[in-house]
Amino acid sequence: MDRIPLLLLVAWLLPLVSFAIIAIGYSVPQFFGIRVRYSTQKYGAYISVAAIVAACVLSMTAMFWCWLPNNPLKSSEEHEGHAEHTAMASPASVGEHTPFKLVAQEKSEPSDSAATATEPTETERTAAGSNAPPTSLTGDWYVLGQFGNLRLTIGYYIDTLTVTMFCMVSFIASCVHIYATGYMHDELEDYVDHEVHLPNHEHLHRRGRFHRFFQFLSLFSFSMLGICISGNLAMTFVFWELVGISSYFLIGFYIERHSASTAANKAFIVNRVGDFGMLIGLMMIWTTLGTFNFGDMKDADGTVHPGIFSQLRLKQNNYELAPADGMIAFEARAQVAEVVRNGGDDAAVKNLITNLRNDTNAHWGQWALLIAGVGLFCGCMGKSAQFPLHVWLPDAMEGPTPVSALVHSATMVAAGVFLVGRIYPMLSPEALLVVATIGCITLILAASIALTAVDIKRVLAYSTISQLGFMMLALGLGGWVAGLFHLITHAFFKSLLFLCSGSVIHAVHTNDMRQMGGLRHKMPITAYTMLAGCLAIAGIGIPFVFGFSGFHSKDAIVEQAIHFARTNGGTHPWMWLYVVIPLIGAALTSFYMFRLWYMTFAGSPRDPHKYDHAHESPPVMANVLIVLSIFAVCAGWSLSWVGPGVLKNFGVESLLEQARPIGILGNKPGVLLSTLVIPDEHASHATAVKVPAGVSAILVALAGVLGATIVYLWESISAASLRRSMSLLYAATWNKWWFDELYDYLFVRPTHLIAAFIARVLDRGIIDGIIHSLAYIVRGFAQVVGIGGDRYVIDNAVDTFAEKTWDLGLSLRSLQTGRLRQYVMFIVVGMIVLFIVASLLVKFAVAG
């Protein structure tokens, strides 16, 4: 366990080292005008690939040789057996500290196993209404600065979720890096961009940027791993923004294309809107809790400083969520100020806060808790492209396809879901309802748009938005494991689907599925690996027997949705929309994914020219597709049949059960919404819920596949006739529900009008008027000085000096007679004078 922080630190920093080496070795010489040979650019890719593969190996080492031997996994039956009490393996009231520290105050005594973490007794387990904290490692590597109580550090919070994310992100990033060495080979020579038309009617010719692509890809991977290992919200926000700028570079890689530069700007600006809300949440956290740390930290003298989770979920409260004293004091600041004015001390203020906490009618601190949670979620809405900030992600397809694969599977959009999972212990039931509602709207909205999209990458982009909505829905309904389970499985099959689409585009040089068809004969590896991805995302399987990876994670989401509706449906019948909408979304997912596969690989070629030139991708790309297709099939499986060892009970679901955050088991009643209950996730696995959930999920998935088969394979129903019969719905989905146009009218055009008004009235009218007036004044003053000072004073003084100099020269001229005798006489007289003067000086010197 002691080696884990070091292993993950090195794994995290290796992509940064790769970025720095490529920047120094290639970009710096180009800055000084030194041309880098194309033959050497490939070494930049080798460095980048080696760095991320090494990071993957270190992450796997941390998981299988360090973490799991000290924290053995339990089976699902063992976890569910503790549903009424505490279901975590090796919990600790304070995250375990390791001796590997670079700051003095984090020093602690070394431990030889995870067992040194404090474990609750059986009595505590039984008494606890919720689960105790999971095993975690916390600490700081470096202190950036300390400003009063605010201490900014580069630290870590390592639990099973952290290690799992490291393995997933580094593995998929490795696959994408290797794939990109083949996909981006055109950048190894002078690149002709056929999408850019110059005024002379020629295409753009530029130098290849092969090394720069891998430089940005390394920075992207480093940024995402930084979010995963971050030990505090301040550090998370720094890498949050670094992920944003990395995506800006990669989405706008073909910067000469207007569409690419616009897409990069759009992604950057829309995410800043979400980050504004995130800043509000951060300010609320700091104001009310006084710390950004997730876990507890120790000083050099052993003093424990509680982190966010410990302050909000106290052990004496059975780890149930309750506003911290700072949140109550923030809302009751007027009462606190009154106590202080009346001479009250800290004890009086504490007594006031205690009385306010016991006032069950006022709900002191709950609004501060809600603002903090929803504020942080706003940042997640931007990163994970949730309604209404979803509009940037489809346009991000302007970047190279390997970028799309990484963005949509393991990095940028995954960061939002991951952060919701990380801050889950501080989200109130009301905040979770907001998360669920946004996710529910997003999943059905994006799925409907994907039905009519014809760009193969945009279909997958809207699919990603929809699947992210599924994850947010699950998290909001109380399914922490279900939501993150789908995040992991989705990462594998969505990276596979995007890389398969890149293989198709690489072969036919178009994104338009209307120009494809029949490609399975020319590209069998791409076709059938993509079919595996389609089956996985559709959630195809045999209930309770076998299924592709998405089958297991999507079933878990539906189970939690049904359990939530049954718990709340009696009071609020509309809560059943949280079941109906995801089931409709699942059917639409199956439909549009098999529509994509049929239009691309089945039937007859629609463009014989492109079909004739189509070919299977090179082995460096095809082999990656095969590897990812294996994980798309089995990533949701559990190795419950394996004997003793680190792989016993190994599976994504078991890993997430071990990582389950503090206090989230059990039913969680709302406070501001008293009739709301976030139900216990373990209870959703009961047979009464599991059977209808499994049956309904597979039925809607098969219905979607059947519908796509009827329309696009058998063509029993014409797609054109469907478009005509549902022309209004088709127009809405084809135009993406007019969100871009709506935002253009609501935000872009008014912004342009305001900017034009400011330019005309403030800039040209006021600011330019002031500057012009000052210019006139200075100009008049210069004219006065020019006439009075320059011409009459300065010019006269110069002229007078010149005249006197001229006159002096004329007077001295008389000495120049040109007579040799006169010059000899002057020399003799001069020498006599000099002799006399020298004699006098010597005489005076001797006398003195």
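All values derive from a computational prediction rather than experimental measurement. (Residues numbered from 1 in each chain as written. Predicted model: local features only at pLDDT ≥ 70, side-chain atom pairs only at ≥ 80, totals over all residues. Heavy atoms only, no water.)

1. Things to note about the confidence of the model for the chain
Residues of the chain with pLDDT of at least 70 account for 91%, and the chain-wide mean is 87. In this model, residues 82-129 is a region of pLDDT below 50 whose contacts with residues beyond four sequence positions or in other chains number 130 contacts. (pLDDT = per-residue confidence, 0-100. Contact = heavy atoms within 4.5 Å.)

2. Side note on the packing of aromatic side chains
Across all of its chains, the model carries 36 aromatic pairs by this definition. Centre to centre, the rings of phenylalanine 492 and phenylalanine 631 are 5.1 Å apart; their planes meet at 15°, and the pair counts as stacked. With phenylalanine 492 in helix H19 (residues 480-508) and phenylalanine 631 in helix H24 (residues 619-634), this pair connects stretches of sequence that are 139 residues apart. According to the relative accessible area criterion, phenylalanine 492 is buried, its value standing at 8%. Overall, phenylalanine 631 belongs to the partly exposed group, its relative accessible area being 30%. Plain terms: the ring middles of phenylalanine 546 and phenylalanine 548 are 6.0 Å apart, the flat faces sit at 65° to each other, and that makes the pair edge-to-face. An aromatic cluster is built from Tyr191, Phe210, Phe213, Phe214, Phe253 and Tyr254, whose rings are joined through pairwise contacts. Over the face of the ring belonging to phenylalanine 470 we find lysine 554, whose NZ or CZ atom lies 5.1 Å from the ring centre. (Phe/Tyr/Trp six-rings, centres within 6.5 Å; stacked < 30°, edge-to-face > 60°. Helix = DSSP H or I, 4+ residues; strand = E, 2+ residues; numbered from the N terminus. Buried < 20%, exposed > 50% of the residue type's maximum accessible area, 1.4 Å probe, protein only. Lys NZ or Arg CZ within 6 Å of the ring centre and 35° of its normal.)

3. Remarks on unusual backbone geometry
The peptide bond linking phenylalanine 387 to proline 388 adopts the cis configuration, its omega dihedral lying at 5°. The topology assignment puts proline 388 in the loop between helix H13 (366-383) and helix H14 (392-395). If you check the backbone angles, glutamate 715 has positive phi at about 55° while not being a glycine. Relative to the elements of secondary structure, glutamate 715 occurs in the loop between helix H26 (687-713) and helix H27 (719-725). For glutamate 715, a relative accessible area of 59% gives the class exposed.

4. A look at a nonpolar patch on the surface
Taken together, the side chains of Ile754, Phe757, Ile758, Val761, Leu762, Ile766, Ile767, Ile770, Ile771, Leu774 and Ile777 define a hydrophobic patch exposed on the protein surface, amounting to about 990 Å² of accessible area. Among the structural elements, isoleucine 777 can be located in helix H29 (residues 739-813). (Patch = residues over 30% accessible without salt bridge, like charges linked within 9 Å, V, L, I, M, F, W, Y side chains within 5 Å. Areas by Shrake-Rupley, 256 points an atom, 1.4 Å probe, with all protein chains shown as cover. Salt bridge = Lys/Arg side-chain N within 4 Å of Asp/Glu carboxyl O.)

5. Points about the nonpolar core
Counting 231 residues, the largest nonpolar core has Trp12, Met165, Trp480 and Met530 as the members making the most contacts within it. Per-element accounting of this core gives the leading share, 19 residues, to H19. Other than its neighbours up to four places away in sequence, tryptophan 480 contacts Leu161, Gly421, Tyr424, Leu475, Leu656, Ala659, Arg660, Pro661, Ile664 and Glu681. (Core = buried A, V, L, I, M, F, W, Y, C linked by side-chain atoms within 4.5 Å.)

6. A closer look at the state of the cysteines
Under the defined criterion, the tally for this structure stands at zero disulfides. Here cysteine 66 stays free of any disulfide, with the sulfur of cysteine 167 as its closest cysteine sulfur at 11 Å. As a non-bridged cysteine, cysteine 634 has cysteine 175 as the owner of its nearest cysteine sulfur, 13 Å distant. Judged by relative accessible area, cysteine 634 falls into the partly exposed class, the value being 25%. (Disulfide = S-S within 2.5 Å.)

7. Quick notes on the pairing of strand S3 (residues 191-197)
Side chains on a regular strand alternate between the two faces of the sheet. Two strands pair when backbone bridges link them, and S3 and strand S4 (residues 203-206) are joined in this way by four bridges, in the antiparallel orientation. Counterpart to valine 192 in the pairing with S4 is histidine 205. Joining the antiparallel neighbours S3 and S4 is a turn of five residues, in which histidine 201 adopts a positive phi near 70°. (Pairing = 2+ DSSP bridges.)

8. Comments concerning the side chain of threonine 510
Within the secondary structure, threonine 510 sits in the loop between H19 and helix H20 (524-538). Within the structure, the side chain of threonine 510 is placed 3.2 Å from the backbone nitrogen of aspartate 512, a separation counted as a polar contact. Those residues in contact with threonine 510, other than ones at most four positions away along the chain, are Ile505, Gln515, Met516 and Lys610. (Polar contact = N/O pair within 3.5 Å; in protein donor to acceptor, adjacent residues only side chain to side chain.)

9. Focus: a negative patch on the surface
Taken together, the side chains of Asp790, Asp795, Asp799, Glu803 and Asp807 define an acidic patch exposed on the protein surface. Of note, aspartate 795 is situated in helix H29. Residue aspartate 795 is classed as partly exposed on the basis of its relative accessible area, which comes to 31%. (Lys, Arg positive; Asp, Glu negative; His and termini not counted. Charge placed at Lys NZ, Arg CZ, Asp CG, Glu CD.)

10. Here's the deal with the packing of helix H6 (residues 210-229) against helix H15 (residues 401-409)
Between H6 and H15, the least distance of the axes is 12 Å, while the angle of their chain directions is 0°. By the angle between their axes, H6 is roughly parallel relative to H15. From H6, Phe213, Leu217, Phe220 and Ser221 reach across to H15, where they touch Pro402, Val403, Leu406 and Val407. In terms of residue class, the contact of H6 with H15 is made up of seven nonpolar, one polar and no charged. (Axes fitted to C-alpha atoms, helices over the stretch in contact; angles between N-to-C directions. Parallel < 35°, antiparallel > 145°, perpendicular 65-115°, else oblique. Nonpolar A, V, L, I, M, F, W, Y, C, P; charged D, E, K, R; others polar.)

11. Section: the environment of tryptophan 714
Of note, tryptophan 714 is situated in the loop between H26 and H27. Given the relative accessible area of 55%, tryptophan 714 is considered exposed. Along the sequence, tryptophan 714 and alanine 697 sit 17 residues apart, while their C-alpha atoms lie 24 Å from each other. When residues no more than four places from it in sequence are discounted, the contact partners of tryptophan 714 are Leu706 and Thr709.

12. Some details on the pattern of salt bridges
Note that side chains of opposite charge can pair when their charged atoms are close. Inspection of the entire model under this criterion finds 20 salt bridges. A salt bridge links arginine 272 to glutamate 241; the nearest nitrogen and oxygen atoms lie 3.1 Å apart. On the criterion of sequence distance, the pair formed by arginine 272 in helix H8 (residues 258-289) and glutamate 241 in helix H7 (residues 233-251) is long-range, its members being 31 residues apart. Overall, glutamate 241 belongs to the partly exposed group, its relative accessible area being 22%.

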